Amino acid sequence: MARIVVLGGSFGGLTAAFELRRLLGEKADVTVLSDLDKFVFIPSLPWVSMGWRSAKDITLPLKDILEPRGIQFRHEAAKGVDADASKVMTETAEIPYDYLIISTGPALAFDEVPGLGPEGGHTKCIFTLEQAEGAKLAWDRFLEEPGPIAVGSVQGVSCFGPPYEYAFEVDYELRKRKIRHKVPIVFITSEPFIGHFGMGGLGASKRWMEDEFADKDIKIITNQAVEEFAPDEVRLKDGSKIPFKLAMFAPAMKGVPAVAHLGNPRGFIPVDENMRNKGVKNIFTIGVAIAIAPPEPTPVPTGVPKTGFMTVRMALTAARTIVSEITGIAPPDAYEMNAICFMDMGNTAAYMGAKPLLPPRQATTLKKSVWVKWMKIWFERYFLYKMKHGHGNWP
Ligand SMILES: Cc1cc2nc3c(=O)[nH]c(=O)nc-3n(C[C@H](O)[C@H](O)[C@H](O)COP(=O)(O)OP(=O)(O)OC[C@H]3O[C@@H](n4cnc5c(N)ncnc54)[C@H](O)[C@@H]3O)c2cc1C
């Protein structure tokens with residue numbers, strides 16, 4: 001029986017584990033190892049920071065969704081991977097594998113900018129459940145005594161969507177409370193232009209986003225690196241200083257320490273079109289953990305986003321490739337790097353489609369509509385249902 005170990009119990013790890021179990025049945029022993037004991041629907045974290053969702057709305061206990069489906073769950077962190085010996089090391093055990101799927105996501109690099117981040121820094125973040133809950137408390141305090149807000153992405157960021165969503169959501173909430181005129185909002189980003197998103201823009205996204213921000217009276221500062229965050233101001237590398245009462249900034253990302261040695265200098269892992277680690281036959285990497293080169297160098301470094309939609313596709317490709325090797329059936333088509341995303345904008349939302357992810361593209365879509373907001377809400381419910389009932393292969 002093939003022993004397959006999956007690192008991470010999120011978008012990539014769960015999808016891969018369910019698909020392996022569905023296609024291999026008793027032919028494989030599938031184990032998911034995660035340092036978190038729950039699945040968190042990460043795209044809803046900006047809503048947690050606004051008080052529109054709580055933890056119970058967007059989490060599922062991993063043990064309860066994996067074990068009834070015959071997938072073993074180990075609630076512990078991988079400390080390392082010995083690729084030559086085909087073993088995962090934890091604090092207490094060495095776990096041998098025939099195939100390994102790595103879906104450990106990112107390590108958040110707050111330490112790369114002084115004063116960045118909620119732990120010991122001066123800015124909020126909404127990339128984990130705990131951070132989003134902390135941002136909600138800060139938001140409640142802010143509303144009692146409002147002032148300027150700074151939102152954005154520091155140098156090296158690759159996940160640009162959440163700061164855009166946060167800017168639109170605070171704008172919407174402040175208008176609802178009729179205090180928007182008391183709150184200057186500035187959006188500061190390492191992107192060379194607004195709407196670049198780390199993927200060279202998307203159709204007319206620059207003009208469109210400029211109009212949206214102008215309509216909402218949000219000031220834009222692009223192409224900037226941050227020198228440091230003081231308790232009440234952002235200090236940019238060009239010498240300018242922007243005051244804030246509340247700041248939410250995305251950090252750059254790195255590969256997590258346990259697998260970083262398998263990757264490039266930032267710890268992201270190069271893979272082939274079947275998600276197999278380059279030069280290693282039995283390790284596959286998916287999701288945020290993979291290395292993707294930017295489409296072009298930008299004056300301030302930016303990375304390429306790896307979305308949940310992409311991660312799920314990568315997981316199915318990796319799982320089906322392993323299945324084809326074990327059973328001898330035909331391998332799946334190579335992974336095509338396309339992206340679909342619903343960007344929340346408060347009381348409305350935008351649908352973004354990029355085929356392929358990076359330019360030049362066959363097709364791009366960018367549409368703002370209230371029906372996209374409904375789709376986004378529906379998608380959250382649908383994805384949680386899918387994971388709760390083990391339907392990793394559903395579209
Ligand atoms: C705020 C926010 C909003 C987003 N919104 C969208 C959106 O609207 N649409 C979209 O498509 N994408 C969105 N994304 C991106 C999407 O969340 C990611 O693409 C997706 O979560 C990637 O899945 P993953 O499995 O690669 O990694 P992750 O989801 O990061 O999961 C990695 C898992 O591995 C575990 N892990 C880490 N290290 C170890 C270890 N050493 N041992 C064991 N386990 C470990 C972690 O605890 C975690 O559970 C958003 C991201 C953020 C941060």
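No experiment lies behind these values; they were computed from the predicted model shown.

Enquirer: I'd like a description of the site of the ligand, backed by residues and values.
Expert: The environment of the ligand is formed by 38 residues, the closest being Gly8, Ser10, Gly12, Gly105 and Gly287. Taken together, the elements giving at least two residues each to the shell around the ligand come down to α1 (11-24), α2 (45-50), α6 (161-176), α9 (308-327) and β20 (339-344). Of the residues assigned to the shell around the ligand, the class counts are 22 nonpolar, 14 polar and 2 charged. Residues lining the shell around the ligand come from more than one domain, with at least three contributed by each of domain 1 (2-106 + 253-335) and domain 2 (110-252).

Enquirer: Would you mind going over the nonpolar core in detail, with residue names and values included?
Expert: Ranked by size, the top nonpolar core spans 118 residues in total, and within it Ala17, Ile101, Ile286 and Ala318 carry the most contacts. Of all the elements, α9 adds the most residues to this core, at 9 residues. Counting only domains with at least three residues in this core, you end up with domain 1 (2-106 + 253-335) and domain 2 (110-252).

Enquirer: How would you explain the sheet that holds strand β21 (residues 349-355) if you had to name every residue and give the values?
Expert: Across the sheet, 3 strands lie side by side as β20-β21-β22; this open sheet has antiparallel pairing. Since the sheet does not close on itself, it has two edges, and those belong to β20 and β22 (363-369), each with one partner. Sheet twist, expressed as the average angle between the axes of neighbouring strands with direction ignored, equals 10°. Here β21 runs beside β22; their pairing, made up of 7 bridges, is antiparallel. Its bridge partner being in β22, Ala354 is matched across the sheet by Thr364.

Calculation notes
Residues numbered from 1 in each chain as written. Predicted model: local features only at pLDDT ≥ 70, side-chain atom pairs only at ≥ 80, totals over all residues. Near = placed C-beta within 6 Å. Helix = DSSP H or I, 4+ residues; strand = E, 2+ residues; numbered from the N terminus. Nonpolar A, V, L, I, M, F, W, Y, C, P; charged D, E, K, R; others polar. Domains from an automatic or database assignment. Core = buried A, V, L, I, M, F, W, Y, C linked by C-beta atoms within 7 Å. Buried ≥ 20, exposed ≤ 12 C-beta atoms within 10 Å, placed from the backbone. Pairing = 2+ DSSP bridges. Axes fitted to C-alpha atoms, helices over the stretch in contact; angles between N-to-C directions.

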